[in-house]
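Descriptive analysis of the structure
Letter by letter, the chains look like this.
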Amino acid sequence: MPFFYESFSEMRLDKYLAHSTGLSRKEVKRALHEKSVSVNGNVVKEFGFQVNSNDEVIFKEQGIAAPEHRYLMLNKPQGYVCSNDDPTHPTVAGLLTAEIRPDLLNIAGRLDVDSTGLLLLTTDGQWLHKITSPNHKQAKRYLVETASAIDESAIQVFADGVLLKGEKHLTKPAKLEIIESHMAYLTLTEGKYHQVKRMFAAIGNKVTDLHRDTIGHIHLDENLGSGEYRALTADEVNQL
């Protein structure tokens, strides 16, 4: 289900129209230039005109409802990049086939092109910040497969922090749960560049497969096939 912009006190008219109607920036500009938009009975042509949730916005004689935030989870397939546009790989935005203006959705916690699993996408900047900011310490769990057997000593090494190549400080404590010789769960509370792969490289091992199944208290829906997505429930949104 969608959620209203709770903090929507004022918003630029062009952003309001883009979020509510799916119009592109070019189409919004044309509509304003053609005097097709009015606010509270007055024709408005300025992009930056400020509107609030109590204003009556009319586009081509039809009322335009205030925009709503979107919160989605997606099961990212291998081979896709976390981007709206890429010259060499398909993008996760291309998987959002039922969404109006998928380019307006921001990704919380990107995954590498060869990694799979849970992605969270939203138009809510404050909610996004709660997931991505190190200050909020949202745990992310990964299922890791490795080229070599994982030594038991890695549990304590990761708990103490690892000095990654090119870094000056140790990683924050991470929880490693060995499932079998070449497979483990790794839970992090930070998101350095290629962190999981670099942590295993630091102990002389190589990640061969990486899948994220949890962010905070949100778990990847087991009913979502690779490349599928759904809206988050109200409970899932509020958990973060």
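Residues numbered from 1 in each chain as written. Predicted model: local features only at pLDDT ≥ 70, side-chain atom pairs only at ≥ 80, totals over all residues. Heavy atoms only, no water.

Time to look at the overall build of the protein chain. Of the regular secondary structure elements, the protein chain holds 6 helices and 17 strands. Across its three principal axes, the protein chain shows a C-alpha extent of roughly 70 × 35 × 35 Å. Buried positions account for 45% of the 240 residues belonging to the protein chain. For the protein chain, long-range pairs separated by at least 24 residues make up 65% of all intrachain contacts whose partners lie at least 6 apart in sequence. Of the roughly 13200 Å² of accessible surface on the protein chain, a fraction of 48% belongs to carbon and sulfur atoms. Distance between charge centres in the protein chain, computed from 27 positive and 32 negative side chains, equals 8 Å. (Helix = DSSP H or I, 4+ residues; strand = E, 2+ residues; numbered from the N terminus. Buried < 20%, exposed > 50% of the residue type's maximum accessible area, 1.4 Å probe, protein only. Contact = heavy atoms within 4.5 Å. Areas by Shrake-Rupley, 256 points an atom, 1.4 Å probe, with all protein chains shown as cover. Lys, Arg positive; Asp, Glu negative; His and termini not counted. Charge placed at Lys NZ, Arg CZ, Asp CG, Glu CD.)

With that settled, consider the nonpolar core. Core analysis: the biggest nonpolar cluster contains 29 residues, and Leu186, Val196 and Phe200 have the highest contact counts within it. Those elements giving two or more residues to this core turn out to be β9 (71-76), β11 (116-122), β12 (140-146), α4 (153-160), β14 (183-188), α5 (195-202) and β15 (207-215). (Core = buried A, V, L, I, M, F, W, Y, C linked by side-chain atoms within 4.5 Å.)

A few words now on the confidence of the model for the protein chain. Averaged over the protein chain, the pLDDT score is 91; the fraction of residues at 70 or greater is 96%. Below pLDDT 50 for its whole length, residues 1-7 participates in 21 contacts with residues either more than four positions away or in separate chains. (pLDDT = per-residue confidence, 0-100.)

So, on to the sheet that holds strand β6 (residues 57-59). With antiparallel pairing, 4 strands are arranged side by side in an open sheet as β4-β3-β6-β7. Because the sheet does not close on itself, it has two edges, and the strands there are β4 (42-43) and β7 (62-63). The sheet contact formed by strand β3 (residues 37-39) and β4 spans 2 bridges and is antiparallel. Opposite valine 39, over in β4, you have asparagine 42 as the bridge partner. (Pairing = 2+ DSSP bridges.)

On to unusual backbone geometry. One non-glycine residue, lysine 35, adopts positive backbone phi at about 60°. Mapped onto the elements of the fold, lysine 35 is located in the loop between α2 (25-33) and β3. For histidine 194, which is not glycine, the phi torsion reads 50° and is therefore positive. Here histidine 194 is to be found in the loop between β14 and α5. The partly exposed category is assigned to histidine 194, whose relative accessible area is 30%.

Roughly 550 Å³ of internal volume is contained in the second largest pocket. Lining the second largest pocket are 26 residues, and of these Gly109, Arg110, Tyr142, Gly191 and Lys192 lie nearest its centre. Listed by contribution, the elements that provide at least two residues to the lining of the second largest pocket are α3 (125-132), β12, α5 and β15. Counting residues per element, the lining of the second largest pocket draws most heavily on α5, which supplies 3 residues. A breakdown of the residues in the lining of the second largest pocket according to their chemical character gives 10 nonpolar, 8 polar and 8 charged. (1 Å grid on protein atoms, 1.4 Å probe; cavity = no way out; pocket = protein on both sides within 12 Å on 5 of 7 lines; lining within 4 Å. Points joined across faces, edges and corners; volume = space filled by probe spheres on them. Nonpolar A, V, L, I, M, F, W, Y, C, P; charged D, E, K, R; others polar.)

Our focus in this paragraph is the pairing of β9. The buried count for β9 comes to 6 of 6 residues, which makes it a mostly enclosed element. Bridging between β9 and β11 involves 6 bridges; their strand directions are antiparallel. Residue lysine 76 lies in a different strand from β11, and its bridge partner there is glycine 117. Strand direction decides the pairing type here: β9 and strand β17 (residues 229-231), joined by 3 bridges, are antiparallel. Considered in β17, the bridge of methionine 73 is made with arginine 230.

It is worth spelling out the packing of aromatic side chains at this point. Two aromatic rings are characterised by how far apart their centres lie and by the angle between their planes. Using the criterion set out here, one finds 2 aromatic pairs in the structure. Between the aromatic rings of tyrosine 71 and tryptophan 127, the centroid separation amounts to 5.1 Å while the plane-to-plane angle is 80°, which identifies the pairing as edge-to-face. You can see tyrosine 71 sitting in strand β9 and its partner tryptophan 127 sitting in helix α3, a full 56 residues away along the chain. The same class applies to tyrosine 71 and to tryptophan 127, which are both buried. Over the ring of tyrosine 185 we find arginine 141; its NZ or CZ atom is 3.8 Å from the centre of that ring. (Phe/Tyr/Trp six-rings, centres within 6.5 Å; stacked < 30°, edge-to-face > 60°. Lys NZ or Arg CZ within 6 Å of the ring centre and 35° of its normal.)

Turning our eyes to something else, we now look at the pattern of salt bridges. Scanning all chains against the criterion turns up 9 salt bridges. Taking the shortest distance from any N to any O, the salt bridge between lysine 197 and aspartate 112 comes out at 3.3 Å. Of the two residues, lysine 197 is situated in helix α5 and aspartate 112 in the loop between β10 (106-108) and β11; the sequence distance between them amounts to 85 residues. The partner of glutamate 167 in a salt bridge is arginine 198, and the shortest N-O contact between them spans 3.2 Å. (Salt bridge = Lys/Arg side-chain N within 4 Å of Asp/Glu carboxyl O.)

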